[in-house]
Amino acid sequence: MTAASVNDPPRAKESPVPQPERDRRPWVIRRNSAPHLGLLAAGLIVVALAIAWGAGLGQFNQGQLSRVMIYAIAIVGLNVATGYTGLVSVGHSAFFGLGAYTTGVLVVRYGWQAEYTIPVALVLCFLVGLIVGLPAIRIRGLYLAMVTLAFGIAFPEVVARFENLTGGAQGLTIRLRLLRPPDWSGFALSQRGQWLYWMCVVLLLVIMLVVHNIVRSRYGLALVATRDNEIAASASGVNIALVKMMAFGVSGAITGVGGCLFAIYLGSLVAHDSFTLLNAVALLIGLVIGGQATRFGPIIGALAVVYIPYYTSDIGQGQAAAVLFGVVLIAIVFVAPEGVVGGFFRLLRKFLVVVPSTPPPVPPAEKGRSRVQP
Amino acid sequence: MGIFLDRLFAGTTAGSLYVLIALALVVVFRSSSTINFAQGEFALFTSYLAWWCTTKGVPLLVAMAVAMVVGFGMGVLTERLLIRPVRRRSETAVLIVGLGMFTALNGADGWIWGPDDKIFPHLLPNGVDDYLEIGGGRLHYDSIGVVLLMVAVVAAMTLLFNRTPLGLQMRAVATNPESAALSGVRVGRVLSLSWGISSALGAFAGVLAVPALPPNQLNLASFFPILIFAAAAALLGGLDSVKGAVIGGLSVGLGLSMINGYATFLGGSLQLTLAFVIIVLVLVVRPTGIFGARRIERV
């Protein structure tokens, strides 16, 4: 709401101007100027309001929102490899599952506090990501997708193999009392949902900020350069092998954190249900729908991935969502390859352009924080 | 000895089925340099269709023919309507369209026929007594049938590629689409046809594979493992080689059967993981596979 009203002035300002060429000219604002800061502040207010609104929701709806944020974290992770570096992964469900099982196993078998397993999963998924990224040094495109596909399909089998740790095909149930929020958090066991919600909010914001900074750094430029033209990037001194492996590692680590939260959210893990190939495709679909290589695409994608199956679960024996996702995926490739968020920003740039106040070029995506978040 | 022969026969049967799906992947790759990620789901759809026909009292052979015709149509339409428009744009676009088909087909099967397991009829005799006793091992008739059919299909595909005008055109398109077009080959039609042939082949293989490979029933996940084994086979042999698909398919089938039987510390349950390892090793060590000719672009 706030964002829309802030967004209105440019159009209101332009419409009375009669000449057609003046009409097409967007509203140009300088970075860090008063209107720009105003837009950013409005965006922050909208985000804060949305978070506060979510905190006041009932248990079920709040759980759904937590789920959205969990998927958003997983998709942000996928975005690092697939969106920014161009390494299409069809196996990220395995990282998601690895994170979830790290939490599950440490909590159930070793009595850890669930929250403290997150750093462990982060490191573990990072290392596995490096290994899965290893073939990326020599191969790419379809071949790499094939490797990740096999990784994703093989994961449930590996889980079933280590039955005494993971519970095998029966799955792993984390008893409710093991998921008690830590004492310092001030939440009781009955406020588990609230605690998870705030944990998701904080982790999602932190991870988005980290990815935002990575992407704007030298390292992020190397990622994008590798995606756009490997040979040129290599000639400019980018260490392609290192960049690809690191991208996979970071990507896997972030998705793994999503998996940890998923384990805490769900409380029971069954690899053959939750971490299958269709789950990996769902993450990829979320990314493509939201927009690859966009900062806010993962949130839109996660909303789609969580709510579309929810609202279509009565249709077509629960399979309508899969059909719809498939059709939408193909349609997006044809109609809007940059996804919902990418398309939105392209449209927005017709009305509003942010230019740097000082010479160094900065991507204009910064200003968009306001309008995507709710 | 008997157990070894049992494993040999089982591995050969499974391998022959992997050969057929690997061939389907190869036919598409030869002409359009693309891996059809939805290959398994095409076969899943046609297998469901064949199953549905048999429940309506249609003989299985006729049902298989129907499945193959529908598969052919699906292949042609997919290539013409979905793949060709985005081919020039990027490999990622083709990949995402393939995954879209994958998801949509899987969902559509569940939508139309329900997610529960279906008992699939056997095309070949598979009674308890239908076997030959060889050195203590049991060679089932349906295993013999599957291998013979595989040999026949491979022979037919070899003849098609090497002895017919269409095969010549296909090879021309695979080698150099521009030159082929300049020589009067209708490249688009050849591409559509090869996708059609590939999907019909997949439909044929699906009807044979569903009752022969565990879990011997038809469900929505039936073709995930088959696709991975076949992809491992095709990559091992070389994605553009018919000979490679045969050697790769049989090696994967036999290798997995033997490893499962003898490497007991793996618990006999890590087949897909082994296929994953094969895929990674082949791509890292020798990306063209054993017989592949096409050089994969490297940095």
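Residues numbered from 1 in each chain as written. Chains lettered and ligands numbered in written order. Predicted model: local features only at pLDDT ≥ 70, side-chain atom pairs only at ≥ 80, totals over all residues. Heavy atoms only, no water.

Asks: Let's hear about the overall build of chain A: which residues, and what values?
Replies: Of regular secondary structure, chain A possesses 18 helices and 4 strands. For chain A, buried positions account for 55% of its 374 residues. Long-range pairs, those at least 24 residues apart, make up 77% of the contacts in chain A with a sequence separation of at least 6. When the accessible surface of chain A is split by element, carbon and sulfur atoms take 65% of a total near 15,800 Å². (Helix = DSSP H or I, 4+ residues; strand = E, 2+ residues; numbered from the N terminus. Buried < 20%, exposed > 50% of the residue type's maximum accessible area, 1.4 Å probe, protein only. Contact = heavy atoms within 4.5 Å. Areas by Shrake-Rupley, 256 points an atom, 1.4 Å probe, with all protein chains shown as cover.)

Asks: Tell me about the overall build of chain B, residues and numbers included.
Replies: Broken down by element type, chain B carries 11 helices and 4 strands. Expected size for 299 residues packed as a compact globule is a radius of gyration near 19 Å; at 19 Å, chain B falls within 12% of this value. For chain B, the spread of C-alpha atoms along the three principal axes comes to 60 × 45 × 35 Å. Relative to all contacts within chain B whose residues are 6 or more apart in sequence, the contacts with residues 24 or more apart total 75%. Split by element, the accessible area of chain B, about 12,000 Å² in all, is 67% carbon and sulfur. Charge centroids of chain B, computed over 19 positive and 14 negative side chains, lie 15 Å from each other. (Rg over C-alpha atoms; globule rule 2.2 N^0.38 Å. Lys, Arg positive; Asp, Glu negative; His and termini not counted. Charge placed at Lys NZ, Arg CZ, Asp CG, Glu CD.)

Asks: Describe unusual backbone geometry, and please don't skip the residues or the numbers.
Replies: We note that Ala293(A) has phi near 60°; this positive angle belongs to a residue other than glycine. Tracing the backbone through its elements, the reader meets Ala293(A) in the loop between helix H14 (277-290) and helix H15 (297-311).

Asks: Outline a nonpolar patch on the surface, supporting the account with residue identities and numerical values.
Replies: Residue and element names in this part refer to chain A. There is a patch of nonpolar side chains on the surface, built from Tyr110, Trp112, Tyr116, Val120, Phe162, Leu165 and Trp184 and spanning about 750 Å² of accessible area. With respect to the secondary-structure elements, Val120 resides in helix H6 (residues 117-133). For Val120, a relative accessible area of 31% gives the class partly exposed. (Patch = residues over 30% accessible without salt bridge, like charges linked within 9 Å, V, L, I, M, F, W, Y side chains within 5 Å. Salt bridge = Lys/Arg side-chain N within 4 Å of Asp/Glu carboxyl O.)

Asks: Tell me about the nonpolar core, and name the residues and values.
Replies: If you look at the biggest cluster of nonpolar residues, it comprises 204 residues, and the most contacted ones within it are Tyr101(A), Leu149(A) and Phe275(A). Broken down by element, the residue count for this core peaks at 14 residues, all from helix H1 (residues 2-32) of chain B. Here Phe275(A) is in contact with Ser93(A), Phe96(A), Gly97(A), Ala100(A), Tyr101(A), Gly152(A), Phe155(A), Pro156(A), Phe262(A), Leu269(A) and Val270(A), once residues within four sequence places are set aside. (Core = buried A, V, L, I, M, F, W, Y, C linked by side-chain atoms within 4.5 Å.)

Asks: Could you give an account of the pattern of salt bridges, naming the residues involved and the relevant values?
Replies: Across all of its chains, the model carries 5 salt bridges over all chains by this definition. Glu338(A) is the partner of Arg346(A) in a salt bridge, and the nearest nitrogen-oxygen pair spans 3.1 Å. Across the salt bridge formed by Arg84(B) and Glu79(B), the nearest N and O atoms sit 2.9 Å from each other.

Asks: Could you give me a rundown of the side chain of Ser194(B), with the residues and numbers involved?
Replies: Residues and elements named next belong to chain B. Looking at where Ser194 falls in the secondary structure, it is placed in helix H8 (residues 187-212). Classification of Ser194 by relative accessible area gives buried; the value is 1%. Residues within four places of Ser194 in sequence aside, it is in contact with Val27, Ser31 and Met170.

Asks: Tell me about helix H10 (residues 242-262) of chain B, and please be specific about residues and values.
Replies: Between the first and last C-alpha of H10(B) there are 30 Å, a value that for 21 residues agrees with the 30 Å anticipated at 1.5 Å per step. A side-chain oxygen of the first residue of H10(B) lies 3.4 Å from the backbone nitrogen of Lys243(B); this N-cap is Ser241(B). (Expected span 1.5 Å × (residues − 1). Polar contact = N/O pair within 3.5 Å; in protein donor to acceptor, adjacent residues only side chain to side chain.)

Asks: Pulling in residues and values, what's your account of the interface of chain A and chain B?
Replies: Tallying the contact residues gives 44 residues for chain A and 57 residues for chain B. Carbon and sulfur atoms make up 77% of the surface buried where chain A meets chain B, a total of about 4,500 Å² over both sides. Taken as a group, Arg138(A), Leu142(A) and Tyr143(A) account for 18% of the area that chain A buries against chain B, more than any other trio of residues on that side. At the surface where chain A touches chain B, the tally comes to 0 salt bridges. At the junction of chain A and chain B, the tally comes to 4 residue pairs in polar contact (both at pLDDT 80 or more). For the side of chain A that touches chain B, the elements supplying multiple residues, two or more each, are helix H7 (141-161), helix H11 (230-235), H14 and helix H16 (320-335) of chain A. When residues of the side of chain A that touches chain B are assigned to their parent elements, the largest contribution, 14 residues, is made by H7(A). Taken together, the residues of the side of chain A that touches chain B break down into 32 nonpolar, 7 polar and 5 charged. (Buried area = accessible area lost by both parts, 1.4 Å probe. Nonpolar A, V, L, I, M, F, W, Y, C, P; charged D, E, K, R; others polar.)

Asks: Tell me about the pairing of strand S3 (residues 137-140) of chain B, and name the residues and values.
Replies: All names here are of chain B. Of the two faces of S3, the one holding Gly137 and Leu139 is buried and the one holding Arg138 and His140 is not buried anywhere. Taken together, the 4 bridges between strand S2 (residues 131-134) and S3 define a ladder with antiparallel strand orientation. Opposite Tyr131, over in S3, you have His140 as the bridge partner. From the end of S2 to the start of S3, which pair antiparallel, there are 2 residues, and Gly135 there has a positive phi angle of about 55°. (Pairing = 2+ DSSP bridges.)

Nothing here speaks to function; it is all geometry.
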